[in-house]
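# Architecture at a glance
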Amino acid sequence: MPHARTLPKTRLLAGIGLTALLLLTLLRLAFLWNFEGFAGLREPGVLRAFYLGFKFDTRWVALALAPAWVLLKPGSRGGESGWRRAGAPLVLFLCLGLYVALLCIAMVNDVAARPWLLAWIFAVALYRGLFPLDGLEDLPARVLWGAYGAVALGATFLGYFVDFGAFAYIHMRLNGALLMFLDNPDISGRMLWQTYPILRLALLLTALVTAGLWLIRRSALRLRFQGSRGTRILARVAVSVVLLAVMWGKWSRYPLRWGEAFEARHPFHAHLALNPLLFFLETRAEMDGGYSLDEVKATHATLAEYFGIPVAYDREGLPSLDRAVEPRAQVAGTPNIVFIQLESLAAFKTTPFGNPLDPTPYLDRLCREGILFDRFFVVMENTSRSMFATLFGTPDVSSVQNATRNPLLVDQHTLLSALPEYDKSFWLGGSANWAQIRAALKNNVKDVTLHEEGSFSSPVVDVWGISDVDLLLEAHAKFRATRTPFWAYVQTSGNHPPFTIPPHHKDFRVRNLDEARLKAAGFTGNEEFNAVRLMDHALESFFEAARKEPYFANTIFLLWGDHGIPRGSTDRRFGDLTLAIHQVPFLMYAPGLLRPERRHTIASQVDILPTLVALLGRPARTKTLGKDLFDPRFEESAAAFTFTTFRRPPRHGLLQGDFYLNVEPDGRARLFRTDQPDPPDLAATDPERARRMQELARGFLAWSRFLLSHNRPDIPWGATAAPGPPTPPRPPKGNPSLGFHSPWGATAAPGPLPPPRPASRGPVGSPSRSAPP
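About the thresholds
- Residues numbered from 1 in each chain as written.
- Predicted model: local features only at pLDDT ≥ 70, side-chain atom pairs only at ≥ 80, totals over all residues.
- Heavy atoms only, no water.
- Salt bridge = Lys/Arg side-chain N within 4 Å of Asp/Glu carboxyl O.
- Helix = DSSP H or I, 4+ residues; strand = E, 2+ residues; numbered from the N terminus.
- Pairing = 2+ DSSP bridges.
- Axes fitted to C-alpha atoms, helices over the stretch in contact; angles between N-to-C directions.
- Contact = heavy atoms within 4.5 Å.
- Buried < 20%, exposed > 50% of the residue type's maximum accessible area, 1.4 Å probe, protein only.
- Patch = residues over 30% accessible without salt bridge, like charges linked within 9 Å, V, L, I, M, F, W, Y side chains within 5 Å.
- Areas by Shrake-Rupley, 256 points an atom, 1.4 Å probe, with all protein chains shown as cover.
- Polar contact = N/O pair within 3.5 Å; in protein donor to acceptor, adjacent residues only side chain to side chain.
- pLDDT = per-residue confidence, 0-100.
- Expected span 1.5 Å × (residues − 1).
- Phe/Tyr/Trp six-rings, centres within 6.5 Å; stacked < 30°, edge-to-face > 60°.
- Lys NZ or Arg CZ within 6 Å of the ring centre and 35° of its normal.

Turning to the pattern of salt bridges, a few remarks are in order. One pass over the full model with this rule turns up 38 salt bridges. Residue D658 is joined to R673 by a salt bridge in which the shortest nitrogen-to-oxygen separation is 3.6 Å. Of this pair, D658 sits in the loop between β14 (652–656) and β15 (659–663) while R673 sits in strand β16 (residues 669–673), placing them 15 residues apart in sequence.

Further remarks concern the sheet that holds β16. The four strands lie next to each other as β13-β14-β15-β16, forming an open sheet whose pairing is antiparallel. Every interior strand has two partners, whereas the edge strands, β13 (639–643) and β16, have only one. If you compare each strand with its neighbour and ignore which way they point, the axes differ by 20° on average. The pairing of β14 with β15 spans five bridges and is classified as antiparallel. Pairing of G653 across the sheet is with N662, part of β15. Where helix α21 (residues 687–707) meets the sheet, it contacts β13, β14, β15 and β16, and its direction lies at approximately 120° from that of β14.

A separate point is the pairing of strand β4 (residues 336–342). Counted residue by residue, β4 has seven buried out of seven residues, so it is predominantly covered. Neither face of β4 is open: one carries N336, V338, I340 and L342, the other I337, F339 and Q341, and all of them are buried. Across seven bridges, the pairing between β4 and strand β9 (residues 555–561) is parallel. Among the inter-strand pairings, N336 is bridged to a residue of β9, identified as T555. In terms of strand pairing, β4 meets strand β8 (residues 486–491) through five bridges, oriented parallel. What sits directly across from F339, in β8, is Y489.

A surface patch of nonpolar side chains, amounting to about 330 Å² of accessible area, comprises W33, F38 and L41. Here F38 shows up in the loop between α1 (9–35) and α2 (46–71). Exposure remark for F38: the relative accessible area of 43% places this residue in the partly exposed category.

Here the focus is the side chain of R598. For R598, the position within the fold is in strand β11 (residues 597–599). Given the relative accessible area of 2%, R598 is considered buried. Within polar-contact distance, the side chain of R598 engages the side chain of D374 at 2.8 Å.

Reading fine detail from the predicted coordinates is not recommended where pLDDT is low. When pLDDT is averaged across the chain, the result is 86; 88% of the residues are at 70 or more. Counting interchain partners and residues more than four positions distant, the pLDDT-below-50 stretch residues 719–773 has 122 contacts.

Right, let's talk about the side chain of S431 for a bit. Its location among the elements puts S431 in the loop between β6 (423–428) and α15 (437–444). Dropping the residues within four chain positions of it, S431 is found in contact with R438, E452 and E453.

The end-to-end C-alpha distance of helix α3 (residues 83–106) is 33 Å, a good match for the 34 Å that 24 residues give at a rise of 1.5 Å each. What α3 keeps buried is the set G87, A88, P89, V91, L92, C95, L96, L98, Y99, L102 and L103. In the core, the buried residues of α3 are packed alongside α2, α4 (110–130) and α5 (139–170).

Quick look at the packing of aromatic side chains now. Overall, the coordinates contain 42 aromatic pairs when judged by the stated rule. Here the aromatic rings of Y127 and F131 are separated by 6.2 Å at their centres, their planes lie at 40°, and the arrangement is tilted. In this structure F131 comes out as buried when scored by relative accessible area, which is 4%. Through a chain of ring-to-ring contacts, the aromatic side chains of W427, F456, F479, F486, F542, F543, Y551, F552, F557 and Y589 assemble into a single cluster. Cation over ring: K349 sits above F523, and NZ or CZ is 5.0 Å from the ring centre.

Okay, structure coming up:
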């Protein structure tokens, strides 16, 4: 096979590698331009981000080229026949397959990868020793190398496609936490299909891979050995050293690690520095390691003091926060209860919190007529995790696999057990198989009825099922016909890509604004803006219909955002613990039962059920992390715990008063004020506050992990246990990692009820005291 010019392997692979590095650098520039604009090139620290990113990219390229350096050869077996001709492709396939497996395993567990490394080295020695003539001039070898190139190119381009989409949606680079969406492949697939131009992206991916393979093939067919044997050996040693050096990444005892990217002062620069393909491979495994009983014990006294209870232990000798929820009835009888969970409703995108485009005027009216908690912070950015925390009082700080998807965590105590006589229902426009939420509800909420896809008369509009307008109106029809007290949980989903505007809602008018106004108000486009407006329209349709019915006057409605969203936020503070994710509206609305006010107590979704059962005057017990928001003990000391869902390893934080503590995975803590636009780190100037808040945050994290498997229901529905004397600590029995214990501890006897607090409210959008913007 004659060629005009030959090419040594060193130059061939160097050319491919440099071209790949140029392409990855251009992709990093595109990432900067798309999410920050080229003005970001002038920011301090951006050059270091590009420098670190170049080193990560070099590692990726070196890893992709390593098998070619070791195994790729020119030549042909010529007239060989028999077992050598048949065996060479099989052994080459084995070598390439083992290398891909080794790479995937070593990224998360180098110890587990050692046997695979030995197997790969043995296979390489076998291939080079038994088949010295096998090379690119043989068709089977060309096919196998073409397949390897297609996998490498396809994985790279596909990884960047997903990475750009992930960052646009959740402001996190491609990482292992996104694997959670594969638990519902049908729903996730339909959402992607309805949101993104999948066919065009698939065609583009095919074109890019085809073009890359064509260019590589043209160069590879010119491959020839050149130089003397000694020169080739010297080149092999030198290039091997270079490859190993760039894989290591730095002149140090320890290799370059992605954690170095997160030392950047600007949070975006940390993301800019990452190589998403390496980041994904390194974060695929569970990284929280379950709970530490030592950490739980070490923080037991801190949390007991926070909740105002003595340090106590359960019957197995394990630490316990078991305590009574003190009844402080504000309503008489058995009013109906309706939970309305508002999908992805960040506070900064709403009228009550001052959005200049007035996207939610009806929600604003409800807030003025109800009790608005304007410093309400959800733990994390994920719907099923948020629902878990709401229903069971424990933040879901599990790693890749959400608690609702973990069969070992399906048994949970909920304060809904204090409402045994209520008819209970859950409403979702799509399927309750989403995130395995069906199991969490049916297993823990006695006699709950699920209303989901297939049970509605309204038309399906997209992957999320029927529209929020139709969902709420179908729920209203059921409420109107119910003659017994009822509790209902309505989960909306329309404020989510693909942001469908159903054509049959003729009374809703789409508004299209110019991009500059939308961007200034925190919206990424008219689609998102109108999705938020449609959610507000759904609330108006529901409440205006409900006002005409008898059940309305005897119903308490609780509305809150399941989480915020960083999409569109211009608030650069606090990195991936940004308040854009965590701050959402929370409203208790019952015009005939509750006096309107605007409250500034720091609150979280784990507080919703304790507050509700106390407000109803129901005796109940809990051992998780929620508090009664009307309890005067928490007026100043109330705290809200935050946790990053999509960052690996995660950061966590604590809001208390006007302060926000951010804690890095290595334990470094920074303290900020939330009422300043560019707050300095106060950890050094206010060390005592920082220490107290860090200890409380440490307790919330340790106990959240612990309670995921130690909140099993041990009291029958509708029953309450009288507190007993504290049990002295005993060594725990069994394997604590399995969580097969039944905590039962003592609490202090409830004290006298405080007098009712006078109403206090400021104008909507401007709290009477400083609040997080």
